[in-house]
Amino acid sequence: MQLDLDILHVFEGKINETGNLYFLGNNENSWCIVYPDFTSAQTQEFYKIINPFGDLLIHNMYCFRYIQEAILFFQIKKEDFFRNALIIISGLGSNKFITSFLLRNYIQNKRNIPRLHLFHSAGNFEMTALYLDLLDKGITYRTVKFNGKNFLAIRYKDVQTQISFEQISKSRICFLLGINDRKYSIRNHYLSRYIANQSLLW
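Anyway, here's the lowdown on the structure attached to this text.

What counts and what doesn't
- Residues numbered from 1 in each chain as written.
- Predicted model: local features only at pLDDT ≥ 70, side-chain atom pairs only at ≥ 80, totals over all residues.
- Heavy atoms only, no water.
- Axes fitted to C-alpha atoms, helices over the stretch in contact; angles between N-to-C directions.
- Helix = DSSP H or I, 4+ residues; strand = E, 2+ residues; numbered from the N terminus.
- Parallel < 35°, antiparallel > 145°, perpendicular 65-115°, else oblique.
- Left-handed = near helix turned anticlockwise from the far one by under 90°.
- Contact = heavy atoms within 4.5 Å.
- Nonpolar A, V, L, I, M, F, W, Y, C, P; charged D, E, K, R; others polar.
- Buried < 20%, exposed > 50% of the residue type's maximum accessible area, 1.4 Å probe, protein only.
- Salt bridge = Lys/Arg side-chain N within 4 Å of Asp/Glu carboxyl O.
- Polar contact = N/O pair within 3.5 Å; in protein donor to acceptor, adjacent residues only side chain to side chain.
- Pairing = 2+ DSSP bridges.

### Focus: the packing of helix α4 (residues 126-135) against helix α5 (residues 170-177)
The axes of two packed helices give the description: the angle between them and the distance between them. Closest axis-to-axis distance for the α4/α5 pair is 12 Å, and the angle between their directions is 50°. Judged on the interaxial angle alone, α5 and α4 are oblique. For the pair α4 and α5, the sense of crossing is right-handed. Across the interface between the two elements, Thr128, Tyr131, Leu132 and Leu135 from α4 touch Lys170, Ile173, Cys174 and Leu177 from α5. In terms of residue class, the contact of α4 with α5 is built from 6 nonpolar, 1 polar and 1 charged.

Laid out in structure tokens, this is it:
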């Protein structure tokens, strides 16, 4: 799939002289580079919050781990899917900035929190970690490997549990931790189902 340059503009990126996509993050001095083979490199605190159409009323937040996945999904779904929405790219180590953004703009102002759409890459728990950070500051977690498979080990008060990638869901997490979450509306998406046979060229 050929990259639509209008979409590159929406994500505030540019193609540099070596043919890589280059993006500045919302955090000062943070950046992400996407290479032609679709791998990427980024600073520790890179994140972006994008309002594609400048909407004042936001109903949905689409949260991605990697900017290249967000661009590809945006190009597949086209414009109407992202009306009244924010696209959030939460890079390595940047969950605190995203949780601070939600706290400052919605929770403290007692505004309705938009539905959070969490897009999961295979075997990656970054978006689950974002939800856990929002859910309760007392939750700790780490990735562990058992029999060659990654699990997310979660600890909360007297509860210790592990979940696999296939077990990611709001209801399961809240049940295991004994939390009744009425604050956040969560929908989980598994990117492999959307973009398994797609690639992006520029």
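### A word on α4
One full turn of an α-helix is made of 3.6 residues, so residues set three or four places apart face in the same direction. Summarising burial for α4: 8 of the 10 residues are buried, a large majority. Listed in full, the buried residues belonging to α4 are Met127, Thr128, Ala129, Leu130, Tyr131, Leu132, Leu134 and Leu135.

### Structural notes on the pattern of salt bridges
Close approach of charged atoms allows side chains of opposite charge to pair. The final tally for this structure, using the stated rule, is 4 salt bridges. Residues Glu166 and Lys149 are paired through a salt bridge, measuring 3.3 Å at the closest nitrogen-oxygen approach. Separated by 17 residues along the polypeptide, Glu166 in the loop between β11 (159-164) and α5 and Lys149 in strand β10 (residues 149-156) bring together distant segments of the chain. According to the relative accessible area criterion, Glu166 is exposed, its value standing at 56%. The partner of Lys170 in a salt bridge is Asp181, and the shortest N-O contact between them spans 3.6 Å. Within this pair, whereas Lys170 is found in helix α5, its partner Asp181 is found in the loop between α5 and β12 (186-190), the two being separated by 11 residues in sequence.

### Observations regarding the environment of Ser185
Summarising the element assignment, Ser185 is placed in the loop between α5 and β12. On the basis of relative accessibility, which here comes to 30%, the residue Ser185 falls in the partly exposed class. A C-alpha to C-alpha distance of 9.7 Å links Ser185 and Asn60, two positions 125 residues apart in sequence. What Ser185 contacts, discounting residues up to four positions off in sequence, is Arg115, Leu116 and Lys170. Of the polar contacts made by the side chain of Ser185, one reaches the side chain of Arg115; its length is 3.2 Å.

### Examining the sheet that holds strand β7 (residues 85-90)
Strand pairs in the sheet, formed through backbone hydrogen bonds, run parallel or antiparallel to each other. Taken in spatial order, the 5 strands make up an open sheet running β5-β7-β6-β8-β12, and their pairing is mixed. Only two strands of the sheet have a single neighbouring strand rather than two, namely β5 (47-50) and β12. Sheet twist, expressed as the mean angle between neighbouring strand axes with direction ignored, is 15°. Here β5 runs beside β7; their pairing, made up of 4 bridges, is antiparallel. Looking at β7, one finds that Lys48 is bridged to Ile89. Contacts between helix α3 (residues 95-107) and the sheet are confined to β5, β6 (60-64) and β7, with β7 contributing the most and set at about 150° to the helix. Here α4 sits on the sheet and contacts β6, β7, β8 (115-120) and β12; the angle it forms with β8, its principal contact strand, is near 145°.

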